[in-house]
Amino acid sequence: MSDMKASCQEFEVTVHTSPGTTCGTFSRLWLSLIGSQGETPPISVNEGDSHLLPGSTCPVWVRANRSMGRLILVRLHLEARTGYPNLDWHCNRVEVRRLADRQAEQGGRSQTGPEDPELQVFLCERWLRTTDSNVELRSGKLCLPKDETEEKLKQQRLRQLQRQQKLIRWRKFVDGAPQCVDLNSISELGPNLSYTHKSPVTNVHYLKGFLDRTQAWPGFTELETVFTHSGHQNNTAWFVKTHWMEDWYFGYQCLNGCNPLLLRQTRLLPPNLSVSSDMLRPFLPEGSSLEQELAKGTMYLLDFEVLDGVPANVVNGKQTYLSAPMCLLHLNQQGQLLPIAIQLQQTPGPQNPVFLPSDPGCDWLLAKIWVYSADFQCHQLASHYLRTHMLGELCCVATLRQLPEPHPLHQLLMPHLRTSLQINIQARASLLASDGVFDKAMGCGLKALPVLLSRASERIYYSSLCVCDDVIERGVDRLPQSYYAQDALRVWDALHRFVIGWVDLYYSGDDEVLQDSELQHWITDINAHGFNPDSGFPQSFQTKAEVSKFVTMVIYCCSALHAAVNFSQFDFALWMPNRPPSMLRPPPQVKGSVTEDDILSFLPDVNSTCRVLTVLALLSQPSVDFVPLCHYKEAVFRDDTHRRLVEEVQAELKAISDDITERNSQLELPYPYLLPTHVENSVAI
């Protein structure tokens with residue numbers, strides 16, 4: 001005999017099925033172990049008395065007839081059994097323990113090496129289907145491409161991205177706006193990118209009965225009756241109804257309503273806003289002037305120029321109307337933000353008067369209602385859908401295509417991004433589709449939708465998505481009642497520290513950021529399919545600080561910002577005149593022509609009002625099973641490497657929640673929408 005050695009390695013493998021009631025399967029599971037020097041042939045795991053039941057463990061012994069080297073992968077494949085339902089299976093993890101090395105030595109004497117106690121855990125936490133190709137699980141920590149030492153792991157990383165890029169492709173939804181995933185149904189997403197949303201019981205009982213009434217509201221009395229039945233337990237909605245006509249509350253909503261993103265400090269008025277110092281002097285402090293107040297920084301502007309010329313919808317066979325108003329507000333000496341001038345269209349002229357607080361009460365109220373309606377359109381499509389849903393989907397698709405699962409930023413981002421694909425596919429197939437609520441009830445219908453989304457996308461700047469820049473640039477960070485800005489800054493800072501800590505774990509210096517080809521491909525993919533090249537988005541990442549800020553922006557927009565603009569909308573819209581979804585008469589061209597009875601004729605019909613409110617009621621309720629901000633189900637967030645960071649950010653967010661709760665207890669109208677304990681981790685509704 002030659003002196004060549006034959007070796008045999010044995011492994012104890014335990015397959016863990018996740019505990020959910022539907023996680024088990026009848027299908028046969030095949031398993032192979034892959035080492036740096038070889039691999040074992042597939043072996044069936046669930047033969048005989050072994051079953052892949054929910055929460056079960058299936059042990060199997062695997063023998064390698066030659067040296068495997070270092071164990072690096074576990075390969076799984078699910079095969080349907082004849083005569084049994086073909087059910088998906090949710091695998092939690094696979095554990096592998098090397099039992100012994102047995103060698104046949106020269107002279108025919110066998111020898112058993114010492115037992116290797118090392119247990120390797122191969123996390124799975126995903127669904128497997130019989131139609132899937134082989135699924136390969138890795139053991140060990142997350143790592144950057146440069147830290148990948150095994151050639152087989154480098155190849156596995158590359159294969160995963162190539163497979164994802166075939167499955168997850170880009171598609172243009174609207175010219176000039178961020179692109180979306182090229183899938184048409186939730187079934188195409190597969191079980192790992194879809195989810196089940198447990199909705200709370202929502203009281204729309206009193207709204208549904210009006211969906212066939214295409215007439216105008218006969219009077220405010222009937223509108224109040226519907227409001228009372230639908231909002232009898234909604235304290236915020238009652239406050240809105242009580243104060244919606246008051247100027248101080250108009251300004252308050254600019255800061256803390258469901259769309260707190262548009263108000264901007266101005267030191268130079270737009271040339272097309274036809275106001276003068278003499279015109280506005282009665283509404284400014286005695287002895288002051290417009291020029292002085294502009295210089296002091298007490299003047300603020302709402303400008304809806306993005307709506308100028310946008311085609312208005314036809315609802316119930318009636319033409320609706322859109323305006324593109326400009327509203328000038330003044331911060332008075334009592335700390336109140338008050339509207340002092342409203343121009344309803346962008347082009348100045350004799351048929352486009354500037355409405356003032358000194359005008360007849362119905363004129364001034366109607367001018368504010370037009371601003372409320374314009375704000376409703378921009379809120380729904382720009383502040384809500386574009387800045388949270390579309391941004392989340394953009395970054396989710398790029399993450400799936402460019403960052404493989406072992407990349408630390410893939411693991412950090414996906415809990416905040418994953419749900420965006422399903423909710424957006426559903427929105428495009430229902431709310432934003434023919435016969436959906438935009439088509440049937442909104443001033444911005446299907447013709448306006450691509451125009452407004454494209455224009456709003458052109459006007460988005462990277463800094464406007466970063467709270468730390470945005471609230472300062474808009475001059476709302478230090479206003480005494482700017483609760484959204486105050487809370488947003490604190491949540492942003494907590495998230496930013498968390499992300500910085502995560503980035504520091506994996507990047508020792510800026511040079512490693514530059515060398516990370518997967519990271520650079522990720523931001524390139526986002527830019528190629530995202531916003532305007534002049535939007536200020538980083539075209540590449542040069543430093544750790546740039547990466548940390550960008551990732552914080554993505555997480556904030558998909559969690560806290562979404563909570564602020566989504567979960568608040570029913571509260572502020574239930575009293576419909578406060579946020580009319582459409583307007584049935586054109587903007588007034590002269591003053592003094594409107595009576596109190598006329599105001600109702602501008603507002604939407606009964607059925608379109610109730611249809612919009614029904615949708616908003618459903619959207620504004622957090623899911624029963626929602627995951628709070630920075631609480632994670634994934635095991636990677638509980639390991640020794642990341643646990644401390646997660647516990648620290650959770651503690652900081654809890655302290656912020658406690659502070660906000662204490663502050664709100666002192667306010668007549670609390671601002672609860674950025675309570676971190678109530679903020680959902682992702683765009684899930």
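Residues numbered from 1 in each chain as written. Predicted model: local features only at pLDDT ≥ 70, side-chain atom pairs only at ≥ 80, totals over all residues. Heavy atoms only, no water.

### Points about the packing of aromatic side chains
Aromatic ring pairs are described here by two measures, namely the spacing of the ring centres and the angle between the planes.
Working step 1: Per the counting criterion, the structure on display carries 28 aromatic pairs.
Working step 2: Here the basic side chain of K241 rests over the ring of W575, its NZ or CZ set 5.0 Å away from the ring centre.
Working step 3: Above the face of the F173 ring, R428 is positioned so that its terminal group lies 5.7 Å from the ring centre. (Phe/Tyr/Trp six-rings, centres within 6.5 Å; stacked < 30°, edge-to-face > 60°. Lys NZ or Arg CZ within 6 Å of the ring centre and 35° of its normal.)

### Let's talk about the sheet that holds strand β16 (residues 326-331)
Working step 1: Taken in spatial order, the 5 strands line up as β12-β13-β16-β17-β18 in an open sheet, and their pairing is antiparallel. In this open sheet, the two strands that pair with only one neighbour each are β12 (264-265) and β18 (354-355).
Working step 2: Taken together, the 5 bridges between strand β13 (residues 299-303) and β16 define a ladder with antiparallel strand orientation. Note on β16: the bridge partner recorded for Y300 is L329.
Working step 3: With respect to the sheet, helix α6 (residues 247-256) is in contact with β13, β16 and β17 (337-343), its orientation differing from that of β17 by roughly 95 degrees. (Pairing = 2+ DSSP bridges. Helix = DSSP H or I, 4+ residues; strand = E, 2+ residues; numbered from the N terminus. Contact = heavy atoms within 4.5 Å. Axes fitted to C-alpha atoms, helices over the stretch in contact; angles between N-to-C directions.)

### A look at the confidence of the model for the chain
Working step 1: Per-chain confidence: the chain averages 94 in pLDDT, with 96% of residues scoring 70 or above.
Working step 2: Note that pLDDT drops below 50 for residues 102-116; the model gives that stretch 23 contacts with residues more than four away or on any other chain. (pLDDT = per-residue confidence, 0-100.)

### A word on the pattern of salt bridges
Oppositely charged side chains may form a pair once their charged atoms are brought near each other.
Working step 1: Following the criterion strictly, the structure yields 42 salt bridges and no others.
Working step 2: For E79, the salt bridge goes to R28, with nearest N and O atoms at 3.4 Å. Pair noted here: E79 is in strand β5 (residues 71-79) and R28 is in strand β2 (residues 28-35), with a separation of 51 residues, a long-range link.
Working step 3: A salt bridge links D359 to K591; its shortest N-O distance comes to 2.9 Å. Highlighted residues: D359 in the loop between β18 and α9 (361-402) and K591 in the loop between α20 (569-573) and α21 (596-602), separated in sequence by 232 residues.
Working step 4: By relative accessible area, K591 is classed as partly exposed at 35%.
Working step 5: Via salt bridges that share partners, E39, R75, E136 and R159 belong to a single interconnected network. (Salt bridge = Lys/Arg side-chain N within 4 Å of Asp/Glu carboxyl O. Buried < 20%, exposed > 50% of the residue type's maximum accessible area, 1.4 Å probe, protein only.)

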